[in-house]
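Residue strings, one per chain:
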Amino acid sequence: MIAAGNQEKHLAGFGPKVEGFDQVPLGDIEATKAAITEETAGILIEPVQGEGGIREPGWPFLRQLRELADEHGILLLMDEVQTGMGRTGKLFAHEWAGIEPDIMGIAKGLGGGFPIGACLATEEAAAGMTAGSHGSTFGGNPLAAAVANAVLDVVLEPEFLPHVQKMGLLFKQRLAEIVDRHPDIFAEIRGEGLMLGLVCKIPNTMVTGTLFAEKLLTVAAGDNAVRLLPPLIVTETEIREACAKIDGALARLNVTNPA
Ligand SMILES: Cc1ncc(COP(=O)(O)O)c(C=O)c1O
């Protein structure tokens, strides 16, 4: 298997790693091609890396991976645990690339706060497993499945995903202005929909700490980024309020002489 990205840092203390994966640099199609051997079963990737720091390999890269997988008769697997269920403005992030994975893991937003995860597969890929070959104590439990069904009812309402896209655009524009106003603090903004990241020039925890004091919950990620992941039902007023708080808090942050 090939995994695109670099998670070494996050694995500290969590070893041993699952064997059989070769990691290649994110977005590097030549490295991915070079890593494919007779033994390669598939390619696994997050369409936008979450913990990695909202790192986007780009939609054309995902299309290239789809082509590569088809060419070699191997599987394309997507981890949409963070990007899925509307987070990027589409039900699943891979839809932006106009492709489909063979196998996909989803969780988080699937339960709207209730714990549930799911593994989806095309009929062809699923043929590799038979009922009962991979059990799980709480797998398929009726309460969690009912909750996920209710979440899907909401997320699949015709106005829901357009709302996420609209709010994502507004938030990104406002944050881009903030990045411009604080060039000592931020290097760039990236992300899609309501999965946004600010890459920092100062330690990202300084930014998350400052925003926490303003009662704004953000989360540090790899690449010295701060993740902004508001609820998908966030309103325009709330985004404007959050941006005013972020702007104000950062203006008070003494970057040249941090406390
Ligand atoms: C992209 C991604 N994949 C997988 C996981 C792990 O998911 P779970 O906690 O459901 O095992 C996470 C958790 O943060 C994640 O962000």
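A.B. asks: Could you give an account of the domain arrangement of the chain, with specific residues and numbers?
C.D. replies: You can read the domains of the chain as domain 1 (2-155) and domain 2 (160-252). The C-alpha centroid of domain 2 is placed 25 Å from the C-alpha centroid of domain 1. Across the contact, 24 residues belong to domain 1 and 21 residues belong to domain 2. Of the roughly 1,800 Å² buried between domain 1 and domain 2, counting both surfaces, carbon and sulfur atoms make up 59%.

A.B. asks: Which residues make up the environment of His 72, and what values go with them?
C.D. replies: In this fold, His 72 is placed in helix H2 (residues 59-72). Distance from His 72 to Glu 56, taken between C-alpha atoms, is 24 Å for residues 16 residues apart in sequence.

A.B. asks: So what's going on with the environment of Lys 108? Residues and values would help.
C.D. replies: The residue Lys 108 is located in the loop between strand S5 (103-106) and strand S6 (118-121) in this model. Along the chain, Lys 108 and Ala 118 lie ten residues apart, while their C-alpha atoms are 9.9 Å from each other. Ignoring any residue separated from it by four or fewer positions in sequence, one finds Lys 108 in contact with Val 81, Gln 82, Gly 113 and Ile 116.

A.B. asks: Just give me the short version of the sheet that holds strand S8 (residues 195-200), but keep the residues and values in it.
C.D. replies: The strand order across the open sheet built from four strands is S7-S8-S10-S9, with neighbouring strands paired in antiparallel fashion. In this open sheet, the two strands that pair with only one neighbour each are strand S7 (186-192) and strand S9 (219-221). Here the average twist between neighbouring strands, direction ignored, is 30°. Those strands touched by helix H5 (residues 160-181) are S7, S8 and strand S10 (225-228), and its axis lies near 175° from that of S7.

A.B. asks: Would you mind going over the pairing of S10 in detail, with residue names and values included?
C.D. replies: The two faces of S10 match: Ala 225 and Arg 227 on one face and Val 226 and Leu 228 on the other face are all buried. Bridge count for S8 against S10 is four bridges, and the pairing is antiparallel. By the bridge assignment for S10, Leu 198 is matched with Val 226. By the bridge criterion, three bridges tie S9 to S10 in an arrangement that is antiparallel. Across the sheet, the residue bridging to Val 219 is Arg 227, located in S10. Here S9 hands over to S10 after three residues, with Asp 223 in that stretch at a positive phi of 65°.

A.B. asks: Which residues make up H2, and what values go with them?
C.D. replies: Helix length check: H2, at 14 residues, gives a terminal C-alpha distance of 20 Å against a target of 20 Å (1.5 Å per residue), a fit within 8%. Buried within H2 are the following residues: Trp 59, Phe 61, Leu 62, Leu 65, Arg 66, Leu 68 and Ala 69. Elements that come into contact with the buried residues of H2 comprise helix H1 (29-35), strand S3 (42-45), strand S4 (75-79) and S7. One or two residues past the end of H2 sits Gly 73, with phi positive at roughly 65°.

Rules and cut-offs
- Throughout this description, residue numbers start from 1 for each chain and increase along the sequence as written.
- Local features in this predicted model are restricted to residues of pLDDT 70 or higher, and side-chain atom pairs are both shown and tallied only at a pLDDT of 80 or more, whereas totals for entire chains, interfaces and linings draw on every residue.
- The side-chain quantities take in all heavy atoms of the structure and omit both hydrogens and water.
- Domains are outlined according to an automatic or database domain assignment.
- For this analysis, residues touch if any pair of their heavy atoms sits within 4.5 Å.
- Buried area: the accessible surface (1.4 Å probe) lost by two parts on joining, summed over both.
- Secondary structure counts use DSSP, requiring at least four H or I residues in a row for a helix and at least two E residues in a row for a strand, with both numbered from the N terminus.
- DSSP-based pairing: two strands are paired if at least 2 bridges between them are found.
- Axis angles are defined between N-to-C directions and span 0 to 180 degrees, where every axis is a line fitted to C-alpha atoms and, for a helix, only to the segment in contact.
- Think of it in three bands: with a 1.4 Å probe and only protein chains considered, a residue is buried below 20% of the maximum accessible area for its type, exposed above 50%, and partly exposed in between.
- A helix is expected to reach a length of 1.5 Å times the quantity of its residues less one.

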